[in-house]
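Overview (structure and organization)
Chain residues, written in single-letter form:
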Amino acid sequence: MELLNRIEINQHVLKGKAVIKGTRLSVQYILGLLANGADFDEILNEYTNLNKEDILACLMFASKMLNDQLFFNISQDAA
């Protein structure tokens, strides 16, 4: 849970998106980099002010957010 302290939501930073504290890098952006094949080392080399724990915090934040969500399959036939 200590990792989550690295994430902040502030209405004055990126319109309230979850960001890595002290940056304007959103959790969504970091997750997108990972989803597109970037590895930790690539991200850390590009954003030298980040560390491994910041990336792990993004993953934990996303996991916690998804943990409380319910998803429903809506078929296109219903439209």
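Refer to the structure above for everything that follows.
Below you will find a few notes about this structure.

Criteria and cut-off values
- Within each chain, residues carry numbers counting from 1 in the order of the written sequence.
- Reporting of local features is limited, given that this is a predicted model, to residues whose pLDDT is at least 70; pairs of side-chain atoms are given and counted only at 80 or more, and all residues count toward the totals for whole chains, interfaces and linings.
- With hydrogens and water stripped out, all remaining heavy atoms of the structure feed into the side-chain values.
- Put simply, DSSP H or I for four residues or longer makes a helix, DSSP E for two residues or longer makes a strand, and each gets a number counted from the N terminus.
- The size measure is the radius of gyration over C-alpha atoms, and the globule rule it meets is 2.2 Å times the number of residues to the 0.38 power.
- Calculation of accessible area relied on Shrake-Rupley with a 1.4 Å probe; when residues are assessed, cover is drawn exclusively from the protein chains displayed.
- Accessible area is worked out with a 1.4 Å probe on protein chains only. A residue is then buried under 20% of its type maximum, exposed over 50%, and partly exposed in between.

Topic: the overall build of the chain
In terms of helices and strands, the chain carries 3 helices and 2 strands. For the chain, the sequential pattern of α-helices and β-strands runs β-β-α-α-α. Expected size for 79 residues packed as a compact globule is a radius of gyration near 12 Å; at 15 Å, the chain overshoots this value by more than 25%. On the principal axes, the C-alpha backbone points of the chain span a range of 50 × 30 × 25 Å. Only carbon and sulfur atoms are counted for the fraction: they give 51% of the accessible area of the chain, which is about 6,100 Å².

Here's the deal with unusual backbone geometry
Here the phi dihedral of L14 falls at roughly 50 degrees; this positive angle occurs in a residue that is not glycine. Looking at the element boundaries, L14 is found in the loop between strand 1 (7–9) and strand 2 (18–20). The class of L14 is partly exposed, set by a relative accessible area of 30%. Positive phi, close to 55 degrees, is recorded for K15, a residue that is not glycine. Among the residues examined, K15 registers a relative accessible area of 82% and is labelled exposed.

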